[in-house]
Amino acid sequence: MERSTVRELLADSEIGSTITLAGWVRTRRDSKEFSFLEINDGSCLSNIQVVADAGIESYSEHVLKASTGSAVKVIGELIESPGKGQRVEVKATDVELIGAAPSDYPMQKKRHSNEFLRTIAHLRPRTNTYGAVFRVRHAAAMAIHRFFDERNFVYLHSPIITTSDCEGAGEMFRVSTFDPLNPPRVDGKSGGAIDYAEDFFGAEASLTVSGQLEAEIFALALGNVYTFGPTFRAENSNTPRHLAEFWMIEPEMAFYDLNDNMKLGEEFIKYIIKYVLEKCPEDMAFFDRWIEKGIIDSLQSVAEANFEHMTYTDAIAVLEKSGKDFEFPVHWGMDIQTEHERFLTEEHVGRPVYVTNYPKDIKAFYMRVDEGEKTVSAMDLLVPRLGEIIGGSQREEREDVLRRRIKECGLEEEIYWWYLDLRRFGTAAHAGFGLGFERMVMYLTGMSNIRDVVPFPRTPGNAMF
Ligand code: ATP
Ligand code: MN
């Protein structure tokens, strides 16, 4: 079907032209002589108003049966709108009811809770909020690809199935073709160890928790690369910020130190914000009005601000002096929890802040050991409303130190033979970070639950649709 989108019609189509549009009825009002249909086709937040004269041929069979939720096709003339708010409306000459929606259509005009809408995730994209969320999500994805493309980074498709358990022992989803009731056993007896050598990949395989190690391989060949793909974590935490399946962006850069890394991360976040504010003004105004008051101003100021930097050690001192009654008590060596992160970024600094140089015992084996051996060159970016949005580090490029760290962390050196090879053959300083894509979309939209910024959330107990 050749049709104009509502977005095109509202923006710049010529008044007086004959147009075809198609979409879903949001509401219909009937008077004696006319029906007024509000049509939305997902191309933008706004509906377009269609006026159907009771005299048109399709009136009783089509217009009067086009209830909320129905799909319709409209042919008509684009006319100047006498009402306020919109430039144009459509005077219909023909309305075709393509697909009716009976009165049990669950999204009648009233407002529904996000919790309820999650149970009808197959219909929620037709609401204002979710249409806006997924248009913004799209714009953010495009911003990310553009940002890296403009800087000549190579987009790397890191594998989704992996046999290298790089960091998340216990957090990985197993991938196997074994009969779960009767897997082959090493000693042939039931109850013995499962013989993964017999499995599809000849080894224990899982869904990836990160593409970083593979990105390091390519950074040490192509220079600057990034991944943007699905990531899986079987962490059994029911929080508003964790999904079992989420998308992550992981840039990895050769000849970068921690400062270069943080500088790129700051430019990156600012670029995404500016791009989305420019491309999605209508959707962002909607979030500002209905979801998070003042979000446009706050994002704009983040895009202009200089991000703060503080070491983990300084952050702990600030938290200890804060006089706050935190749920998790503060001491050097602890992992910084969300409550602490939010205090630091919201109350102490009042804008995004990088916390750097964490104790090595709470960070991964691959992070570069600092002078003094107590901390590693890690960085987390904390932002208001959310806490951690980026986690990254300079990687350990010294073969001997890396070997020692693998041992200290209780990992098996043999598994990392290829990772160690990168340090044996032409090693070089390199660094990178991971941005959780859904966290970024939450930050951009003000949506407070991560389940509401992903098309179909996967969380403990739920993988419907
Ligand atoms: P958190 O402390 O919030 O669980 P993390 O330290 O496990 O985060 P990393 O392993 O550094 O996070 O992952 C990089 C980024 O991926 C994080 O900064 C965050 O934006 C995002 N992220 C991590 N876990 C999840 C998850 N379960 N769901 C969605 N995004 C996540
Ligand atoms: Mn985590």
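Structural notes, computed from the coordinates. Because the structure is predicted, anything quoted here is derived from the model rather than measured.

### Observations concerning the overall build of the chain
- A tally of helices and strands in the chain yields twelve helices and 16 strands.
- Seen through its C-alpha atoms, the chain measures out along the principal axes to roughly 85 × 60 × 45 Å.
- Each of the 465 residues in the chain was classed as buried or not, and the buried ones make up 51%.
- Across the chain, the fraction of contacts at a sequence separation of at least 24, relative to all contacts at a separation of at least 6, is 67%.

### Some words on helix α10 (residues 399–408)
- Along α10, the positions that sit buried rather than exposed are V401, L402, R405 and I406. For α10, the buried positions fall inside an angular range of 135 degrees around the axis, keeping them on one side. Exposed residues lying more than 90 degrees from the buried face of α10 are D400 and K407.
- As for α10, its buried residues are in contact with α11 (417–424).
- Downstream of α10 by one or two residues, G410 has phi in the positive range, about 70 degrees.

### Re the site of ligand 1
- Taken together, the neighbourhood of ligand 1 is formed by 15 residues, with R233, E235, H242, L243 and E388 sitting nearest.
- At 2.9 Å from an oxygen atom of ligand 1 is found a side-chain nitrogen or oxygen belonging to R233.
- Contact distances for ligand 1 include 3.0 Å between an oxygen atom and a backbone N or O atom of I389.
- Protein chains shield 81% of the accessible area of ligand 1, which is 580 Å² for the free molecule.
- Counting residues per element, the ones that place at least two in the shell around ligand 1 are β11 (245–254), β15 (387–394) and β16 (430–436).
- Of the residues forming the shell around ligand 1, the biggest block, four residues, is contributed by β15.
- Classifying every residue of the shell around ligand 1 gives six nonpolar, four polar and five charged.

### A few points about the packing of helix α5 (residues 258–279) against helix α7 (residues 295–304)
- At a minimum axis separation of 9 Å, α5 and α7 run at an interaxial angle of 140 degrees. Taken together, the axes of α5 and α7 are oblique relative to one another. Handedness of the crossing formed by α5 with α7: left-handed. Residues K270, I273, K274 and L277 of α5 form the contact with α7, whose participating residues are I296, L299, Q300, V302, A303 and E304.
- The residue inventory of the contact of α5 with α7, partitioned by class, reads six nonpolar, one polar and three charged.

### Notes on the packing of aromatic side chains
- Within this structure, the stated rule accounts for 24 aromatic pairs.
- The interplanar angle of 50 degrees and the centroid separation of 5.1 Å between the aromatic rings of F147 and F268 together place this pair among those described as tilted. Here F147 is found in helix α3 (residues 128–150), whereas its partner F268 is found in helix α5, with 121 residues between them in sequence. For the pair formed by F147 and F268, the shared burial category is buried.
- Centre to centre, the rings of F268 and F433 are 5.9 Å apart; their planes meet at 50 degrees, and the pair counts as tilted. Residue F268 is located in helix α5, and its partner F433 is located in strand β16; the two are separated by 165 residues in the primary sequence. Here F268 and F433 have matching classes, each one buried.
- Above the face of the Y358 ring, K363 is positioned so that its terminal group lies 4.3 Å from the ring centre.
- Here the guanidinium or amino end of R423 rests over the ring plane of Y419, the centre of that ring lying 4.0 Å away.

### As for the nonpolar core
- Counting residues in hydrophobic clusters, the biggest one holds 67 residues, and the most contacted among them are I272 and I273.
- Discounting residues that sit within four places of it in the chain, I272 has contacts with A140, A143, I144, L435, M440 and L444.
- By size, the runner-up hydrophobic cluster in this structure holds 33 residues, among which are M310, Y312, A315 and W418.

### Focus: the pattern of salt bridges
- A complete count under the given rule lists 26 salt bridges for this structure.
- When the shortest N-O distance is used, the salt bridge between R403 and E413 registers 2.5 Å. Separated by ten residues along the polypeptide, R403 in helix α10 and E413 in the loop between α10 and α11 bring together distant segments of the chain.

### What to know about the sheet that holds strand β10 (residues 224–232)
- Here eight strands make up an open sheet; going across it, the order is β6-β10-β11-β16-β15-β14-β13-β12 and the pairing mixed. Among the strands making up the open sheet, the edge pair consists of β6 (154–156) and β12 (308–311). Geometrically, the sheet is characterised by an average inter-axis angle of 20 degrees between neighbouring strands, direction not taken into account.
- With six bridges connecting them, strand β14 (residues 375–383) and β15 associate as antiparallel partners. Bridging from a neighbouring strand, D380 pairs with G391 of β15.
- Against the sheet, helix α8 (residues 312–321) contacts β12 and β13 (353–359), and its axis sits at roughly 90 degrees relative to β12.

### With respect to the pairing of β15
- In terms of burial, β15 is largely enclosed, as six of its eight residues are buried.
- What sits between the antiparallel neighbours β14 and β15 is a turn of three residues, in which R385 has the positive phi angle 80 degrees.
- In this sheet, β16 lies alongside β15 in antiparallel orientation, the contact comprising five bridges. Residue pairing across strands places I390 opposite L435, the latter belonging to β16.

### Quick notes on the environment of V369
- Mapped onto the elements, V369 comes out in the loop between β13 and β14.
- Separated by 25 residues in sequence, V369 and Q394 have C-alpha atoms that sit 9.1 Å apart.
- When residues no more than four places from it in sequence are discounted, the contact partners of V369 are T375, V376, E396, R398, V401 and R405.

The rules behind the values
Residues numbered from 1 in each chain as written. Chains lettered and ligands numbered in written order. Predicted model: local features only at pLDDT ≥ 70, side-chain atom pairs only at ≥ 80, totals over all residues. Heavy atoms only, no water. Helix = DSSP H or I, 4+ residues; strand = E, 2+ residues; numbered from the N terminus. Buried < 20%, exposed > 50% of the residue type's maximum accessible area, 1.4 Å probe, protein only. Contact = heavy atoms within 4.5 Å. Arc of directions from axis to C-beta. Near = heavy atom within 4 Å. Polar contact = N/O pair within 3.5 Å; in protein donor to acceptor, adjacent residues only side chain to side chain. Areas by Shrake-Rupley, 256 points an atom, 1.4 Å probe, with all protein chains shown as cover. Nonpolar A, V, L, I, M, F, W, Y, C, P; charged D, E, K, R; others polar. Axes fitted to C-alpha atoms, helices over the stretch in contact; angles between N-to-C directions. Parallel < 35°, antiparallel > 145°, perpendicular 65-115°, else oblique. Left-handed = near helix turned anticlockwise from the far one by under 90°. Phe/Tyr/Trp six-rings, centres within 6.5 Å; stacked < 30°, edge-to-face > 60°. Lys NZ or Arg CZ within 6 Å of the ring centre and 35° of its normal. Core = buried A, V, L, I, M, F, W, Y, C linked by side-chain atoms within 4.5 Å. Salt bridge = Lys/Arg side-chain N within 4 Å of Asp/Glu carboxyl O. Pairing = 2+ DSSP bridges.

Such coordinate-based values are descriptive only and should not be taken to indicate function.
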